[in-house]
Amino acid sequence: MAKKKVAMLTAGGLAPCLSSAVGGLIERYTDIAPDYELVAYRSGYQGVLLGDRIEITRDMRENAHILHRHGGSPIGNSRVKLTNAADCVKRGLVKEGENPLRVAAERLAADGISILHTIGGDDTNTTAADLAAYLGANGYNLTVVGLPKTVDNDVVPIRQTLGAWTAAEYGARFFDHVSNEQSAAPRTLVVHEVMGRHCGWLTAATARSYVQMTEDKQFVDGFMMNRQLKNIDGLYLPEIKFDLEAEAERLRGVMNRSGFVTLFVSEGACLDAIVAEREAAGETVKRDAFGHVKIDTINVGNWFTKQFAALLGAERSMVQKSGYYARSAPANGDDLRLIQSMVDLAVESALNKVSGVTGHDEDQAGKLRTIEFPRIKGGKHFDTSTKWFGDVMDVIGQKWQAED
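Residues numbered from 1 in each chain as written. Predicted model: local features only at pLDDT ≥ 70, side-chain atom pairs only at ≥ 80, totals over all residues. Heavy atoms only, no water.

The name an unreviewed UniProt entry gives the protein chain is Pyrophosphate--fructose-6-phosphate 1-phosphotransferase, with Ensifer adhaerens as the organism.

Structure representation (structure tokens):
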């Protein structure tokens, strides 16, 4: 009898949990199902379609604990949507006329895979849902269990996605250095752009972490390097609305008093308005295989800088993005504990042939369970009524109103 075989893949953007989640899965299977063979598909669903995989050897199993110390993905990522046949053909992943779902299913069957673990965000796991549905409808005997990662923390109905806590911590560390640029020249505007397409959770959590970090610092009275220089003066998320002229007037007062202004901006703040503005001007806005606007082509931070710099009388302005620094970090202690709990459940569910995505289910009082694939979706908004967010805005001194 052939040995049972487990495959895993990571997909989508990076998050500070991928390496640890891969390591955790390897360790858990080695502990409780050592006879199972383990493989990883290289670069996500691309590896499945191309049959490009990594055989996980005994030495790799014995050293899997080292993966908890690293960021990035040890098995590579890509953004591939198995239901977007045209894009898969364009990228050379399938031939014209082939159904990528069928190609993937047949590859998994040919490779003898009985369990597939997908580690990714809403796009990765909705693609896993499409694959699981296809497998079930066409008689393939395969269990698919996903782990939810995204620094945006925006997957419905999951309370906390893997990697988001770490990204907030490292985003704050990043800006702790950048904030010192306020001492480089008079009347400086610094915009910190943080990842978050539809959801402002990461920007808000990064601001909270930064405020906490600043509160712990000591300063020498009388110098310009003081607590005021490290302040956040404005925070803008997709979930809150603001009056540009009123904010400019408030921030101009800050600039006149202190000689600098610091803004934290979610990359999704005012995104729809910016896209509409560009399309109205006749510009074609690029989108990915999932239909999402390619957000790195929008430069929301630059837009905010253009809106505010002249109104504030800034003599120097700059945009700094913490995204790639934060999302590539190794998982912190909080995330490591969350990863372990979700990995343990993912392996238990897989061995019991229960497909879905592990996570704390907000619709079931936050219970950690394997959530049914059809209930998984992206675009969850940050709840601005959360007490800690109100506390952060009080520290900033900014009046705000939630979007309708």
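Structure shown, so let's carry the discussion forward.
Caption draft 1: Here's a closer look at the sheet that holds strand β7 (residues 234–236). Reading across the sheet, the four strands line up as β7-β9-β6-β10 and stay open at both edges, with parallel pairing between neighbours. The open sheet has two edge strands with one neighbour each: β7 and β10 (316–321). In this sheet, adjacent strand axes meet at a mean angle of 15° when their direction is disregarded. Pairing of β7 with strand β9 (residues 260–266) involves three bridges; the strand directions are parallel. From the neighbouring strand, Gly 234 faces β9, where its bridge partner is Leu 263. The sheet contacts of helix α7 (residues 164–178) involve β6 (188–194), β9 and β10, and relative to β6 the element is tilted by about 165°. (Pairing = 2+ DSSP bridges. Helix = DSSP H or I, 4+ residues; strand = E, 2+ residues; numbered from the N terminus. Axes fitted to C-alpha atoms, helices over the stretch in contact; angles between N-to-C directions. Contact = heavy atoms within 4.5 Å.)

Caption draft 2: Structural context of the pattern of salt bridges. Under the criterion given, the structure shown has 22 salt bridges. Linking Glu 37 and Lys 5 is a salt bridge whose minimum nitrogen-to-oxygen distance equals 3.8 Å. Placement of the pair is Glu 37 in strand β2 (residues 37–41) and Lys 5 in strand β1 (residues 5–10), with a sequence separation of 32 residues. The class of Lys 5 is buried, set by a relative accessible area of 13%. We note a salt bridge from Lys 321 to Glu 193, for which the minimum N-O separation is 4.0 Å. Of this pair, Lys 321 sits in strand β10 while Glu 193 sits in strand β6, and the two are 128 residues apart along the sequence. If you follow the salt bridges from partner to partner, you end up with Asp 361, Asp 363, Arg 369, Glu 372 and Arg 375 in one network. (Salt bridge = Lys/Arg side-chain N within 4 Å of Asp/Glu carboxyl O. Buried < 20%, exposed > 50% of the residue type's maximum accessible area, 1.4 Å probe, protein only.)

Caption draft 3: Highlighting the packing of aromatic side chains. Taken as a whole, this structure holds 15 aromatic pairs when the rule is applied. Their ring planes at 75° and their centres at 5.4 Å tell us that Phe 175 and Tyr 210 sit as a pair that is edge-to-face. Within this pair, whereas Phe 175 is found in helix α7, its partner Tyr 210 is found in helix α8 (residues 201–215), the two being separated by 35 residues in sequence. Of the two residues, Phe 175 and Tyr 210, neither departs from the other in class, the shared state being buried. One aromatic cluster is present, built from ring pairs that chain together Tyr 236, Phe 242, Trp 303, Phe 304 and Phe 308. Its end group placed over the ring of Tyr 170, Arg 173 keeps NZ or CZ at 4.2 Å from the ring centre. The side chain of Arg 208 reaches across the aromatic face of Trp 388, ending 3.9 Å from its centre. (Phe/Tyr/Trp six-rings, centres within 6.5 Å; stacked < 30°, edge-to-face > 60°. Lys NZ or Arg CZ within 6 Å of the ring centre and 35° of its normal.)

Caption draft 4: Helix α14 (residues 387–396), seen in detail. Those residues of α14 that fall on the buried side of the exposure criterion are Trp 388, Phe 389, Val 392, Met 393 and Ile 396. Take α14 and look down its axis: the buried residues cluster within an arc of 140°, on one side only. Turned more than 90 degrees away from the buried face of α14 sit Lys 387, Asp 394 and Val 395, all of them exposed. On the buried face of α14, the contacting elements are α8, β7 and β8 (240–241). Positive phi shows up at Gly 397, right after α14, with a value of about 85°. (Arc of directions from axis to C-beta.)

Caption draft 5: Main features of the pairing of strand β12 (residues 367–371). Bridge count for strand β11 (residues 356–361) against β12 is five bridges, and the pairing is antiparallel. Looking at β12, one finds that Asp 361 is bridged to Lys 367. Here β11 hands over to β12 after five residues, with Ala 365 in that stretch at a positive phi of 60°.

Caption draft 6: Geometry of the packing of α8 against α14. Here α8 crosses α14 at 60°, and the two axes come no closer than 10 Å. Between α8 and α14, the angle is such that the two are oblique. For the pair α8 and α14, the sense of crossing is left-handed. Where α8 approaches α14, its residues Trp 201, Ala 204, Ala 205, Ala 207, Arg 208 and Val 211 are matched on the opposing element by Trp 388, Phe 389, Val 392 and Val 395. Along the lines of polarity and charge, the residues of the contact of α8 with α14 split into nine nonpolar, no polar and one charged. (Parallel < 35°, antiparallel > 145°, perpendicular 65-115°, else oblique. Left-handed = near helix turned anticlockwise from the far one by under 90°. Nonpolar A, V, L, I, M, F, W, Y, C, P; charged D, E, K, R; others polar.)

Caption draft 7: Broad picture of the sheet that holds strand β5 (residues 143–148). Taken together, the seven strands give an open sheet; going across it, the order is β3-β2-β1-β4-β5-β11-β12, and neighbouring strands pair in mixed fashion. With one partner strand each, in any of the chains shown, β3 (53–55) and β12 form the two edges of the open sheet. On average, each strand axis in the sheet is tilted by 25° relative to the strand beside it, whichever way the strands run. Here β2 runs beside β3; their pairing, made up of three bridges, is antiparallel. Across the sheet, residue Tyr 41 finds its bridge partner in β3, namely Arg 53. With respect to the sheet, helix α1 (residues 18–32) is in contact with β1, β2, β4 (113–120) and β5, its orientation differing from that of β4 by roughly 150°. Against the sheet, helix α6 (residues 122–137) makes contact with β4, β5 and β11, and its axis sits at roughly 160° relative to β4, the strand it touches most.

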